[in-house]
Amino acid sequence: MTGVALSLENAQFLGGIDAAVRLTPAFRLGIENLDVADYKKPVPGGRKHPLEPVRMVLDEAMRRYTRQNAASSDSWLGPRLHAALRLSRREAGSRDVWRFLGLWAADYVRWRFGPEPDETDPQKSAAGERFIGPDYKQAMARLWWMSELFRNGGDYTTAALALTNQDIINNFFRSGTAHHRPTALAVLEVLPRTDDGQRLLHGRAANALSAAIQVAASTLLLDAVAVDVPLDGAARRHWEEQGLSGDHDPRLFFESLPEGPDDPPVPQESRQTMTGLLAELLADAPVRGKVRG
C-alpha cells in the first residue's frame, strides 16, 4: 500500500505533527509513502480523542459521493466530522492536530482535492496546504471550524447550509466577523438560495457581501449592534466528554444531523438586526453582473 504516512497508519487516537514536516509531491499524489515518525507530537492538553468515529464519517462521505462531485460532500460531512471529533476550541486551534489528521487521512484529502486516481504526474497532486495548511485551507479543519462557527447552539442545520457555498468557505469564513454568531447566521439569511431552499447559490453575491461586511466591521462594533449570549462551557465539556468516552456512534446520524454542544441559540432579535443590516449591505454591494434599477 502506498501513499501512507508511516507510523500513523495504525493510530487509534489523535496526535499532532510538527510544522517541520515536509511533504513530497509523490506522497501528495499517493504514489509514495512518507515517514513522519520524527515529527509526531502529543495533542495540547494530552486528551485521547478516538479516531474510529472520524474514519467512519470520512469513509461514508467517500462512499456516498463520487470523486467528481466531492465538493458536494462538504455539507454532509462537516457537521458529522465536528460531532465525531469533539475537540475544544483550544485543541482545534492547534495546527499540529490538523497536520496529523491531514496525513493520517491522506486518502480523504486526495479524494476531495486531488486529481483522478490514474494520474501519474506528481506535479498535479493535491496542494500541500490541503494536508497541513491553515484552518481555512486544510481539508478537515475548514469543515470542522465552519461547523463550529455556523451552528446555532446544538443545531447543525445552519452549518450544513453554509457548507453548500464554497465562496463562504473560501472568503467570509477567513474573516474575524465569522466568529460573531449573529453575523454568521444573518449571512445565510440574505444570500440567494436554490428553489428548494436547501443550498446557497454559488456566485458573486457571497464574495461581494463578505467584502462589504469587512468594511462595515471596521466602523461598527458588531457585538454592540447585535448582542450575542455567552456559550455554555459546562454543556461544551459534557459534549466533549461524550466523544472521549466513545458514547457517540456516528453511524446513527448518517441520515439525520447529529446534535452539537448544547449552547444557547443566537438571540432572535440580534439575528433579525444583522439580517436587516446585511440585506442593506448586499443591496448596495458592487456585485459583478448585477443590474441596478
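Up top you'll find the structure we're talking about.
Now for a look at the structure at hand. Since this is a predicted model, take the numbers as computed values, not measurements.

**Considering helix α2 (residues 52-64)**
Step number 1: Its 13 residues give α2 an end-to-end C-alpha distance of 18 Å, which sits within 8% of 18 Å, the value for a rise of 1.5 Å per residue.
Step number 2: Each element contacted by the buried residues of α2 is listed here: α3 (73-84), α5 (95-104) and α6 (106-113).

**A look at the pattern of salt bridges**
Step number 1: Applying the stated criterion to the full structure yields 20 salt bridges.
Step number 2: Salt-bridge contacts for Glu 240 lead to Arg 47; the nearest nitrogen and oxygen are separated by 3.0 Å. Of the two residues, Glu 240 sits in helix α14 (residues 233-244) while Arg 47 sits in the loop between β4 (40-41) and α2, which places them 193 residues apart along the sequence.
Step number 3: A relative accessible area of 6% places Glu 240 in the buried class.
Step number 4: Note that Arg 55 and Asp 59 form a salt bridge whose closest N and O atoms lie 2.9 Å from each other. Placement of both Arg 55 and Asp 59 in helix α2 is noted, with a separation of 4 residues, approximately one turn of the helix.

**Quick word on a negative patch on the surface**
Step number 1: Side chains of Asp 155, Asp 232, Glu 259 and Asp 262 sit close together on the surface and give a patch of like negative charge.
Step number 2: The residue Asp 262 is located in the loop between α14 and α15 (268-284) in this model.
Step number 3: Asp 262 gets classed as exposed once you look at its relative accessible area, which sits at 58%.

**Considerations on the nonpolar core**
Step number 1: Trp 98, Leu 101, Leu 103, Tyr 108, Phe 150 and Ile 168 are the most contacted members of the largest nonpolar core, which has 82 residues in total.
Step number 2: A per-element tally of this core places helix α8 (residues 141-150) first, with 7 residues.
Step number 3: Once you skip the residues sitting within four places of it in the chain, Tyr 108 turns out to touch Leu 58, Met 62, Asp 74, Leu 77, Ala 139, Met 140 and Leu 143.

**Overview of unusual backbone geometry**
Step number 1: Even without being glycine, Ser 7 reaches a positive phi, approximately 85°.
Step number 2: Residue position: Ser 7 is located in the loop between β1 (5-6) and β2 (16-17).

Definitions and cut-offs
Residues numbered from 1 in each chain as written. Predicted model: local features only at pLDDT ≥ 70, side-chain atom pairs only at ≥ 80, totals over all residues. Heavy atoms only, no water. Helix = DSSP H or I, 4+ residues; strand = E, 2+ residues; numbered from the N terminus. Expected span 1.5 Å × (residues − 1). Contact = heavy atoms within 4.5 Å. Salt bridge = Lys/Arg side-chain N within 4 Å of Asp/Glu carboxyl O. Buried < 20%, exposed > 50% of the residue type's maximum accessible area, 1.4 Å probe, protein only. Patch = residues over 30% accessible without salt bridge, like charges linked within 9 Å, V, L, I, M, F, W, Y side chains within 5 Å. Areas by Shrake-Rupley, 256 points an atom, 1.4 Å probe, with all protein chains shown as cover. Lys, Arg positive; Asp, Glu negative; His and termini not counted. Charge placed at Lys NZ, Arg CZ, Asp CG, Glu CD. Core = buried A, V, L, I, M, F, W, Y, C linked by side-chain atoms within 4.5 Å.

So far we have only geometry, and geometry alone does not tell us how the molecule works.
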